[in-house]
Amino acid sequence: MNMEVMSRDFDQSGGGKRGGNRAAFFVYIMEGLESMAFISNSASLVIYFFSYMNYSLTKSSTMLTNLLGTATLLSLLGGFISDTYLTRFATTLIFASIELMGYIVLLVQAHRSDLRPPKCLSITHQCEGASAGEAAILYTGLYLMALGTGGVKAALPALGADQFDPKKAKQLSTYFNWFIFSLTIGSILGVTLVVWISTDKGWDWAFAVCAIALLLSIFFISLGNPFYRNNLPKGSPLLRFLRVFVASFRNRKLPIPENADELHEIYQDKEDDNLHHEILQRTDQFKFLDRAAVIRRTEDDDNDGSNSGSEWRVCTVTEVEETKILIRMLPIILTTIFMNTCLAQLQTFSVQQSVTMDRDFIGFEIPGPSVPAIPLLFMFILIPLYDRVFVPIARRVTGIPTGISHLQRIGIGLVLSAISMTVAGFVEKKRRNVAIQHDMVDSQDALPISVFWLGYQYAIFGAADMFTLVGMLEFFYAESSAGMKALSTAISWCSLAFGYYLSSVVVEIVNKVSGGWLANNNLNRDKLENFYWLLAGLSVVNFGVYVMCASWYKYKNVEMIKKDDAST
């Protein structure tokens with residue numbers, strides 16, 4: 001993207017001074033730097049827990065998935081604050097500062113050996129574990145990092161999307177593609193450069209690099225402040241949802257008028273400084289909620305022309321439809337969770353697989369946690385091809401501005417994730433057979449099988465992530481109302497959160513039901529391939545459910561009214 005292209009982009013605030021790609025450029029930089037820090041730890045912390053904090057293999061995997069799940073779940077807090085109290089820019093700065101504090105705490109612990117348990121030299125890993133104090137320091141740093149990145153994940157994508165015309169789906173689609181492209185570049189640097197630093201130079205150096213990256217990201221996002229179109233908080237979306245349910249219950253005995261014009265609506269908000277005022281059109285689904293917009297008439301109302309009751313008795317059609325949108329989104333969220341359960345395995349068990357394999361590459365030993373660079377490299381190649389080649393071609397065929405619909409894009413990713421898990425099972429079967437054939441089941445030496453065998457499952461999942469992750473961010477932002485953009489972006493990340501949490505539950509259940517497929521601290525004695533194939537089968541079932549939910553979903557109908565033309 002060059003500056004000439006940036007200067008031609010849409011600017012809602014007028015005068016060409018705010019909005020467009022010029023403003024989004026600073027968002028791209030921050031996303032890359034923040035992702036470099038967070039993703040490097042997502043890929044490698046399981047090794048830190050196992051080798052430096054002396055937690056067991058299963059405990060290390062569970063700790064990491066719980067951490068990642070919490071980080072994405074906390075994006076709901078960031079989204080709520082951004083929509084209700086602060087601008088996206090202010091929310092991003094606050095949570096990025098919290099994340100920085102987390103890296104500083106981890107840096108101090110990694111640098112001082114007296115804050116960590118003694119190094120474990122036992123093959124069976126029967127060593128002294130972390131004390132209560134050491135664990136407290138670790139968890140403080142981890143969850144400050146999780147809280148910070150959660151808030152950034154909610155506010156930053158919405159801040160960038162706010163710079164574009166909401167009526168132009170093509171612009172928003174391109175933005176989200178390049179946003180994930182920036183995330184990908186940062187992630188590649190994280191799982192290569194930062195992971196190499198942690199492996200070769202030490203974890204204190206790696207955490208220091210992460211802290212510096214957060215400092216730079218705060219600096220760059222602040223530089224862009226003069227160019228941002230900042231949202232004005234519109235009050236709590238959660239409170240609006242509650243009001244709709246309360247009002248619909250209180251008005252449950254009132255008839256719903258056939259003519260939608262007879263329902264309550266406000267066509268202009270004089271306190272709203274946005275150029276356009278969004279009006280959501282009435283839909284037929286969940287008609288019982290329409291009663292919340294029924295105007296109650298009394299004799300006094302007829303005399304003074306006002307509506308009776310408080311805001312807890314009557315809501316606007318837009319508020320009712322905003323609630324319907326959230327309800328319609330829930331099945332989509334639920335059916336994307338399982339894909340992220342599969343993703344969690346590639347960030348835990350597959351990293352542990354890589355440590356047991358031959359990681360030599362032209363004389364350089366690849367750090368095990370750097371293996372996730374493979375799907376990221378595929379995303380690095382595929383995202384520009386998708387945006388610049390596939391979308392224009394598909395647009396000519398389908399007539400859809402984004403080439404294919406958001407839900408179609410998500411569905412393609414779900415199919416690819418099932419294929420990835422199937423391939424992962426066959427690769428693990430081959431890896432374990434090599435260990436058995438060479439009598440290396442209990443050996444800590446690298447097996448004579450290249451780590452690049454893991455590239456097959458990673459490459460397929462990289463393509464799946466490109467379709468589903470970008471599709472979800474775009475879908476939830478585009479479909480949400482103006483008053484819940486950041487919260488909806490956070491909801492898309494929550495699919496990741498519940499996927500990680502479900503991963504921990506699935507591992508525990510599988511261990512109990514299977515008799516110990518994953519119970520050993522030795523992958524050569526486990527039956528990880530069976531676990532992968534189980535995930536593949538469940539992914540197929542999940543896709544079938546998703547198809548039904550996507551077929552049922554109704555896209556929102558929006559009328560954008562200019563303030564000068566709006567009537568009260």
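Residues numbered from 1 in each chain as written. Predicted model: local features only at pLDDT ≥ 70, side-chain atom pairs only at ≥ 80, totals over all residues. Heavy atoms only, no water.

Remarks on the overall build of the protein
Across its full length, the protein holds 17 helices and six strands. When each of the 568 residues of the protein is scored for burial, the buried share is 57%. Counting contacts in the protein only where the partners sit at least 6 residues apart, residues at least 24 apart contribute 82% of the total. Total accessible area on the protein stands at roughly 23500 Å², and carbon and sulfur atoms take up 62% of it. (Helix = DSSP H or I, 4+ residues; strand = E, 2+ residues; numbered from the N terminus. Buried < 20%, exposed > 50% of the residue type's maximum accessible area, 1.4 Å probe, protein only. Contact = heavy atoms within 4.5 Å. Areas by Shrake-Rupley, 256 points an atom, 1.4 Å probe, with all protein chains shown as cover.)

Observations regarding the packing of helix α2 (residues 20-52) against helix α7 (residues 169-200)
It is the contact of α2 with α7, at a shortest axis distance of 6 Å, that shows an interaxial angle of 40 degrees. It follows from the interaxial angle that α2 and α7 lie oblique. You can see that α2 and α7 cross each other, and the crossing is right-handed. Contacts from A24, V27, Y28, E31, G32, S35, M36, I39, S40, A43 and S44 of α2 reach α7 at Y175, W178, F179, S182, L183, G186, S187, L189, G190, V191, V194 and V195. (Axes fitted to C-alpha atoms, helices over the stretch in contact; angles between N-to-C directions. Parallel < 35°, antiparallel > 145°, perpendicular 65-115°, else oblique. Left-handed = near helix turned anticlockwise from the far one by under 90°.)

So, empty space enclosed by the protein
On inspection of all chains with the given rule, the structure shows three cavities of 30 Å³ or more. Volume-wise, the largest cavity comes out at about 450 Å³. Around the largest cavity, the lining is made up of 26 residues, and of these I39, L343, Q347, D465 and Y500 lie nearest the centre. Of all elements in the fold, only α2, α3 (57-73), α7, α11 (317-347), α13 (373-398), α15 (455-479) and α16 (485-514) reach the threshold of two or more residues within the lining of the largest cavity. Looking at the lining of the largest cavity, its residues break down into 18 nonpolar, six polar and two charged. The calculated volume of the second largest cavity comes to roughly 60 Å³. Taken together, T58, S61, T62, T65, Q345, T348, F349, S503, S504 and V507 make up the lining of the second largest cavity. Mapped onto the lining of the second largest cavity, the elements with two or more residues apiece are α3 and α16. Among the elements that take part in the lining of the second largest cavity, α3 stands out by supplying four residues, more than any other. (1 Å grid on protein atoms, 1.4 Å probe; cavity = no way out; pocket = protein on both sides within 12 Å on 5 of 7 lines; lining within 4 Å. Points joined across faces, edges and corners; volume = space filled by probe spheres on them. Nonpolar A, V, L, I, M, F, W, Y, C, P; charged D, E, K, R; others polar.)

Focus on the environment of L172
Here L172 shows up in helix α7. The exposure class of L172 is buried, given its relative accessible area of 5%. Residues L172 and E474, 302 residues apart in the sequence, show an inter-C-alpha distance of 7.3 Å.

Re a nonpolar patch on the surface
On the surface, I185, L189, F380, I381, L385, V389 and I393 cluster together to form a nonpolar patch covering roughly 590 Å² of accessible area. At five residues, α13 tops the list of elements feeding residues into the nonpolar patch. (Patch = residues over 30% accessible without salt bridge, like charges linked within 9 Å, V, L, I, M, F, W, Y side chains within 5 Å. Salt bridge = Lys/Arg side-chain N within 4 Å of Asp/Glu carboxyl O.)

Things to note about α2
Here α2 contains 33 residues, and its C-alpha end-to-end distance of 46 Å stays within 8% of the 48 Å for a straight helix at 1.5 Å per residue. Along α2, the helix axis deviates most sharply at S44, where the bend reaches about 50 degrees. Judged by how many residues are buried, α2 sits mostly within the fold: 26 of 33 residues are covered. Following α2 by one or two positions, N54 adopts a phi angle in the positive range, close to 65 degrees. (Expected span 1.5 Å × (residues − 1). Bend = angle between axes of the 7 residues up to and from the residue.)

Quick notes on the side chain of R328
Along the polypeptide, R328 turns up in helix α11. Comment: no salt bridge for buried R328; closest opposite-charge side chain is E321, at 4.4 Å. A polar contact is formed between the side chain of R328 and the backbone oxygen of K554, at a distance of 3.1 Å. Apart from the residues within four sequence positions on either side, R328 is in contact with T283, Q285, F286, E321, W552, Y553, K554 and K556. (Lys, Arg positive; Asp, Glu negative; His and termini not counted. Polar contact = N/O pair within 3.5 Å; in protein donor to acceptor, adjacent residues only side chain to side chain.)

Here's the deal with the pattern of salt bridges
What the rule picks out here adds up to 14 salt bridges. Several salt bridges share partner residues, and in doing so they unite R282, D290, E321 and K324 into one network.

Overview of the packing of aromatic side chains
In this structure the tally under the stated criterion is 30 aromatic pairs. Relative to Y175, the ring of Y28 has its centre 5.9 Å away and its plane inclined at 25 degrees; by these criteria the two rings are stacked. Taken as a pair, Y28 in helix α2 and Y175 in helix α7 lie far apart in primary sequence, 147 residues in all. In this structure, Y28 and Y175 share a single accessibility class: buried. Look at W178 and F181: their rings are 5.0 Å apart centre to centre, the planes differ by 85 degrees, and that puts the pair in the edge-to-face class. (Phe/Tyr/Trp six-rings, centres within 6.5 Å; stacked < 30°, edge-to-face > 60°.)

Quick notes on the packing of α7 against helix α8 (residues 203-223)
Remark: α7 packs on α8, axes separated minimally by 6 Å, with the N-to-C direction vectors making an angle of 150 degrees. On the basis of the axis angle, α7 is roughly antiparallel to α8. In contact with V194, I197 and S198 of α7, α8 contributes W203, W205, A206, V209 and C210. When grouped by side-chain class, the residues that make up the contact of α7 with α8 number seven nonpolar, one polar and no charged.

Observations regarding α7
The end-to-end C-alpha distance of α7, which contains 32 residues, comes to 45 Å, matching closely the 46 Å that a straight helix rising 1.5 Å per residue would cover. Along α7, the sharpest kink reaches roughly 30 degrees, centred on G190. G202 sits one or two residues past α7 and shows a positive phi near 125 degrees.

A word on unusual backbone geometry
The phi angle at F286 is positive, at roughly 50 degrees, despite the residue not being glycine. For F286, the location among the structural elements is in the loop between β1 (276-280) and α10 (299-304). When its relative accessible area of 21% is taken as the criterion, F286 is described as partly exposed. The backbone of D439 sits at a positive phi, close to 50 degrees, despite the residue not being glycine. Positionally, D439 belongs in the loop between α14 (406-437) and β5 (447-450).

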